[in-house]
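Per-entry structural report
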Amino acid sequence: MNLTERFINYTKFDTQSSEESQSVPSTPKQLLFAEYLKKELISEGLSDVELDDKGYLYATLKGNIKGVPTIGFISHYDTSPDCSGANIKAHIVNNYQGGDILLSEDVISSPTKFPELLNHKGEDLIVTDGHTLLGADDKAGIAEIIQAMCYLRDHKEIKHGDIRVAFNPDEEIGMGAHHFDVEKFGCEWAYTIDGGDLGELEFENFNAASAKIRIKGVSVHPGYAKGKMINANRLAVEFAAMLPDNETPETTEGYQGFYHLIGIKAETESATLSYIIRDHDRDRFEDRKSFVKACAKKMNEKYGEGTVTADVNDQYYNMKEKIDPNMHVIDLVLRAMQECAVTPKVQPIRGGTDGAQLSFKGLPCPNIFAGGVNFHGPYEFVSIQVMEKAMQVIVRICELTAGFND
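On a predicted model such as this, the values are computed, not experimentally measured, just so you know.

This part covers the overall build of the chain. If you tally the helices and strands in the chain, you get 10 helices and 18 strands. Taking 406 residues into account, the globule formula puts the C-alpha radius of gyration at 22 Å, and the chain, at 23 Å, falls close to it. Along the three orthogonal principal directions, the C-alpha set of the chain runs to about 85 × 50 × 40 Å. Residues classed as buried in the chain amount to 53% of the 406 residues present. Taking all contacts inside the chain whose residues are at least 6 apart in sequence as the whole, residues at least 24 apart take part in 79%. Measuring between centres, the 41 positive side-chain charges of the chain sit 4 Å from its 62 negative side-chain charges.

Here is the structure:
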């Protein structure tokens, strides 16, 4: 099976995760794909293939030399809750020439709206039918990792140590690394293959927290409400207005942090505002959390103690703290990319990856491109040529690691 066939086959599995679920994995359909991958890994000749009860799949490609570091490659198999992942109909646009792509009778992907398409003129693009996401995030990463392992298996002249691979559920809902067994994985360092377009290499990400703002109102008949009613709807609007309107996702880029209001549930008697808080700088991150709490305190001073509560909880931290002392992990990728004729694009992640949490669990784990573009929606696509480059980079990292101690 070639890389393209492998990936398109994976897209036929609906593996959408759910933020509403309390189970692990969050949806049982993810396990169906995990079981399929387990059988595939065994059939491809990998060793130590193990799928645990939470849907974490581990395997080993045995090395052909001794005394070199054991490294790993990781991808997630769930797809985003933001867009349907059921009945994906992937098809190939051969030799794309830069024009509009008719995904279906009523959906067009155009470079006027998605100029990143023009970066892939002359390439073969895998696209959707315009009604689902594609799932390159991150089934492209899985396909590239497994294809790389098969390549190393078939090319015994390439020297490498033990290579561990792992595939996990629920990354899209921020839970992918929570039950990852770093000790069992047994690697000195690893890479998530979960980045975007060609050459992307990420080892800086947001520090992240969630904030739940709960408001207690007092409901009174509006005709007799003077001096009595506390309208939680109105207080919710007031709280939201206290946060700077130029520090939101739609007004920031690069290293700029933000407050993102992701949901409001409100009525006169009660209201809840859900935020995520993000910043690359740890000190500014702490300041942002303190500011949210200060806003709640200020409202309590105005409306009475206990009217507003702010529950702020950290989610993950900037992996740069853990990568900086281990820069050989990055140096290997940079060299591998250059030797595969890939121009590295080192950039901060305006989000998080499983690698961020894994880095803080003792496994340095930067993120490498998988090739997908326009994630989480019907205009998602991936270039076959970029997927092939990602596979080549994985192979080259394994080969370079064999000489790491020279």
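Now that the structure has been shown, the text picks up again.
Before going further, it helps to examine empty space enclosed by the protein. Per the counting criterion, the structure on display carries one cavity of 30 Å³ or more. Taken as a whole, the largest cavity encloses approximately 30 Å³ of empty space. Together, I101, L103, S109, V127, T128, P378, Y379, E380 and F381 line the largest cavity. Taken together, the residues of the lining of the largest cavity sort by class into six nonpolar, two polar and one charged.

What follows concerns the sheet that holds strand 18 (residues 381-383). If you trace the four strands from one edge of the open sheet to the other, you get 4-7-18-17, paired in antiparallel fashion. Whereas interior strands pair on both sides, the edge strands pair on one side only; in this sheet they are strand 4 (91-93) and strand 17 (372-373).

What follows covers the sheet that holds strand 11 (residues 207-216). Read from one edge of the open sheet, four strands run 12-13-11-14, paired in antiparallel fashion. The open sheet is flanked by strand 12 (258-266) and strand 14 (308-316), the only strands paired with a single partner. Averaged over neighbouring strand pairs, the angle between their axes works out to 15° when direction is ignored. One ladder, built from eight bridges, connects strand 11 with strand 14; its direction is antiparallel. Bridge assignment links S210 to a residue of strand 14, and that residue is N313. Against the sheet, helix 6 (residues 282-303) contacts strand 11, strand 12, strand 13 (270-279) and strand 14, and its axis sits at roughly 165° relative to strand 14.

So, about the packing of helix 2 (residues 29-43) against helix 3 (residues 136-154). Between helix 2 and helix 3, the least distance of the axes is 12 Å, while the angle of their chain directions is 15°. Between helix 2 and helix 3, the interaxial angle falls into the category roughly parallel. Crossing hand, helix 2 versus helix 3: right-handed. Taking contact as the criterion, the partners of F33, L37, E40 and L41 in helix 2 are, on helix 3, K139, I142 and I146.

Our focus in this paragraph is helix 6. Helix length check: helix 6 (22 residues) gives 32 Å between terminal C-alpha atoms against 32 Å at 1.5 Å per residue, within 8%. For helix 6, the elements touching its buried residues are strand 11, helix 5 (232-242), strand 12, strand 13 and strand 14. Here helix 6 starts with a cap whose side-chain oxygen sits 3.0 Å from the backbone nitrogen of D283, and that cap is D281. Note on helix 6: the residue one or two positions beyond its end, G304, has a positive phi of about 115°.

Attention shifts here to the nonpolar core. One broad trend across soluble globular proteins is that nonpolar side chains are buried collectively. With 68 residues, the main nonpolar core has F7, F73, M149, F167, Y191, I368 and I397 as its most contacted residues. Looking at this core element by element, the count peaks at 11 residues for helix 10 (residues 384-402). Apart from residues lying up to four places away in sequence, I368 is in contact with Y191, T192, I193, D194, G195, E200, L201, V333, M337 and I397.

Okay, the environment of T27 next. Here T27 is to be found in the loop between helix 1 (3-11) and helix 2. Excluding its chain neighbours within four sequence positions, the residues that come into contact with T27 are Q16, S17 and S18. Looking at T27, its side chain comes within polar contact range of the main-chain oxygen of Q16, at 2.8 Å.

Quick look at the pairing of strand 9 (residues 189-195) now. Within strand 9, seven of the seven residues are buried, which leaves the element mostly enclosed by the surrounding structure. Sheet topology places strand 3 (residues 71-76) next to strand 9; four bridges connect them, and they run parallel. Within the sheet, the bridge partner assigned to G72 lies in strand 9 and is A190. Of the strand pairs in this sheet, strand 9 and strand 16 (residues 367-369) are connected by three bridges, and their pairing is parallel.

Attention now goes to the packing of helix 8 (residues 328-339) against helix 10. Direction vectors running N to C along helix 8 and helix 10 enclose 125°, while the axes themselves pass 9 Å from each other. Between helix 8 and helix 10, the crossing angle belongs to the class labelled oblique. Here helix 8 and helix 10 pass one another in a crossing that is right-handed. Of the residues in helix 10, those in contact with L332, V333, R335, A336, M337 and E339 of helix 8 are V393, R396, I397, L400 and T401. When grouped by side-chain class, the residues that make up the contact of helix 8 with helix 10 number seven nonpolar, one polar and three charged.

Further remarks concern unusual backbone geometry. Note the cis peptide between V24 and P25, where omega equals -5°. Relative to the assigned elements, P25 resides in the loop between helix 1 and helix 2. In this structure, H376 is a non-glycine residue whose phi angle is positive, near 70°. Mapping H376 onto the fold places it in the loop between strand 17 and strand 18.

What counts, and where the lines are drawn
Residues numbered from 1 in each chain as written. Predicted model: local features only at pLDDT ≥ 70, side-chain atom pairs only at ≥ 80, totals over all residues. Heavy atoms only, no water. Helix = DSSP H or I, 4+ residues; strand = E, 2+ residues; numbered from the N terminus. Rg over C-alpha atoms; globule rule 2.2 N^0.38 Å. Buried < 20%, exposed > 50% of the residue type's maximum accessible area, 1.4 Å probe, protein only. Contact = heavy atoms within 4.5 Å. Lys, Arg positive; Asp, Glu negative; His and termini not counted. Charge placed at Lys NZ, Arg CZ, Asp CG, Glu CD. 1 Å grid on protein atoms, 1.4 Å probe; cavity = no way out; pocket = protein on both sides within 12 Å on 5 of 7 lines; lining within 4 Å. Points joined across faces, edges and corners; volume = space filled by probe spheres on them. Nonpolar A, V, L, I, M, F, W, Y, C, P; charged D, E, K, R; others polar. Pairing = 2+ DSSP bridges. Axes fitted to C-alpha atoms, helices over the stretch in contact; angles between N-to-C directions. Parallel < 35°, antiparallel > 145°, perpendicular 65-115°, else oblique. Left-handed = near helix turned anticlockwise from the far one by under 90°. Expected span 1.5 Å × (residues − 1). Polar contact = N/O pair within 3.5 Å; in protein donor to acceptor, adjacent residues only side chain to side chain. Core = buried A, V, L, I, M, F, W, Y, C linked by side-chain atoms within 4.5 Å.

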